[in-house]
Amino acid sequence: MKTPDFHIHSCFSPDSTMRPAEAVEAAIKSGITDMCFTEHMDLGHHIDSFNRIPHFDEMYASICDLRCQYPNINIHCGIEAGYISQTAKQTAQVLSQQNFDYVLLSTHCVDGLDCYLPESKRGRDKITAYTRYLETLYDSISDTYLLNHYDCIGHIGYIAKCRYYEDNTMPYELFPKLFDAILSLIIKNEKGIEVNTSGIKRAGHVLPHPSVIQRYYELGGRIITIGSDAHTPDRVGANVADTIALIKNCGFKEFTVFNRRVPEYCSII
Ligand SMILES: [Zn+2]
Ligand SMILES: [Zn+2]
């Protein structure tokens, strides 16, 4: 059976110093068979280092070298594009000129601030802040510029990683209507969701919450990827095996990897 990690950052992202070769070695060590680099590109982000186009040529060259150096692991080249409505057209233009294996579309910023930062919650109760996050996420999926340029929606529930409220979890039951609207639109658009294991430590659950993954399955969603969101070698492949078991428990018989933006369904044994 394949074991994926489809969300890894390296020093081509502004918030990681991990060398790509270190990431590959860490992936091999944790039994990963298919890995995907998903470097940040958050055009319009209020933090300057995120608001830039990555060095694509250097990224591609580095992945090419790694594929020769490590032939026993499948190394995919992806990107994590941040959604900001004002820059969606520009983001779509950049993405349309590249040949990624996989494009994740992630909502990091809500009303001008990255919702990982506590100041983005100031003056807002949990329901208000989380509702604004989900509304922005819905806007990202409805965006017509981006529609043909991504494959999966990254870490639904990212806002829960910020430990600001006493209970920061984000289960389906808190926002059933919004979650249904989001998941139904993802399915209608023939896109997928990512299950991001980095939430376990900070949000108390994978992202999205298992109850949201269950609902996605019930509504007919079948495209589902798994990623650690590692920025350091020790996080590569973290909790992937448990997450495969979790999605199996929700009913999934397959998870997805992407090659040149085409989904490949891998059976869960
Ligand atoms: Zn992200
Ligand atoms: Zn990420």
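Computed from a predicted structure; not experimentally measured.

1. A few points about the overall build of the protein chain
- The helix and strand inventory of the protein chain stands at 8 helices and 11 strands.
- Relative to the globule expectation of 18 Å for 269 residues, the C-alpha radius of gyration of the protein chain, 17 Å, shows essentially globular dimensions.
- By principal-axis analysis of the C-alpha atoms, the protein chain measures approximately 50 × 40 × 35 Å.
- A buried classification covers 57% of the 269 residues belonging to the protein chain.
- If you take every contact in the protein chain between residues at least 6 apart in sequence, the share linking residues at least 24 apart comes to 76%.

2. Structural notes on the coordination of the zinc ion (ligand 2)
- All of the protein donors around the zinc ion (ligand 2) are H7 (NE2), H9 (NE2), E80 (OE) and D229 (OD); their distances to the metal are 2.1 to 2.3 Å.
- Taken together, the 4 donor atoms coordinating the zinc ion (ligand 2) and their angles of 81 to 175° define a geometry best described as irregular.
- Along the chain, the residues donating to the zinc ion (ligand 2) fall in the pattern H-x1-H-x70-E-x148-D.
- Separating the zinc ion (ligand 2) from the zinc ion (ligand 1) is a gap of 3.4 Å, which E80 spans by donating to each of them. Placement of H7 in strand β1 (residues 4-8) and of D229 in the loop between β9 (224-227) and α8 (240-249) is noted, with a sequence separation of 222 residues between them. In terms of burial, H7 and D229 fall into one category: buried.

3. A closer look at helix α3 (residues 88-96)
- The set of residues buried in α3 consists of A88, T91, A92, V94 and L95. Seen end-on, α3 carries its buried residues on one side only, within an arc spanning 165°.
- Among the structural elements, β2 (34-41), α2 (56-69), β3 (74-82) and β4 (102-106) are those in contact with the buried residues of α3.

4. Structural notes on the environment of N72
- Structurally, N72 can be placed in the loop between α2 and β3.
- When the C-alpha positions of N72 and I224 are compared, they lie 24 Å apart, and in sequence the two are 152 residues distant.

5. A closer look at the coordination of the zinc ion (ligand 1)
- Around the zinc ion (ligand 1), the protein contributes the donor atoms E80 (OE), H108 (NE2) and H155 (NE2), at 2.1 to 2.2 Å from the metal centre.
- In primary sequence terms, the donor set of the zinc ion (ligand 1) follows E-x27-H-x46-H.

6. A closer look at the pairing of strand β8 (residues 192-196)
- Judged by how many residues are buried, β8 sits mostly within the fold: 5 of 5 residues are covered.
- Side chains of β8 alternate between two faces, with G192, E194 and N196 and I193 and V195 buried alike.
- In this fold, strand β7 (residues 152-153) hands off to helix α5 (residues 176-188), which returns the chain to β8; that crossover is right-handed.
- Bridge count between β8 and β9: 4 bridges; the pairing is parallel. Bridging across to β9, E194 finds its partner in T225.

7. Looking at the packing of α5 against helix α7 (residues 210-218)
- Taken N-terminus to C-terminus, the directions of α5 and α7 make an angle of 50°; their axes are 10 Å apart at the nearest point. On the basis of the axis angle, α5 is oblique to α7. Like other packed secondary-structure pairs, α5 and α7 cross with a definite hand, here right-handed. For the pair α5 and α7, the contacting residues are F179, D180, L183, I186 and I187 in the first and V212, R215 and Y216 in the second.
- In terms of residue class, the contact of α5 with α7 is built from 6 nonpolar, no polar and 2 charged.

About the thresholds
- Residues numbered from 1 in each chain as written.
- Chains lettered and ligands numbered in written order.
- Predicted model: local features only at pLDDT ≥ 70, side-chain atom pairs only at ≥ 80, totals over all residues.
- Heavy atoms only, no water.
- Helix = DSSP H or I, 4+ residues; strand = E, 2+ residues; numbered from the N terminus.
- Rg over C-alpha atoms; globule rule 2.2 N^0.38 Å.
- Buried < 20%, exposed > 50% of the residue type's maximum accessible area, 1.4 Å probe, protein only.
- Contact = heavy atoms within 4.5 Å.
- Donors = N, O, S within 2.8 Å, 3.2 Å for Na, K, Ca; no water.
- Tetrahedral: all angles 85-135°; square planar, octahedral: opposite > 155°, others 65-115°.
- Arc of directions from axis to C-beta.
- Right-handed = clockwise from strand over helix to strand, strands pointing away.
- Pairing = 2+ DSSP bridges.
- Axes fitted to C-alpha atoms, helices over the stretch in contact; angles between N-to-C directions.
- Parallel < 35°, antiparallel > 145°, perpendicular 65-115°, else oblique.
- Left-handed = near helix turned anticlockwise from the far one by under 90°.
- Nonpolar A, V, L, I, M, F, W, Y, C, P; charged D, E, K, R; others polar.

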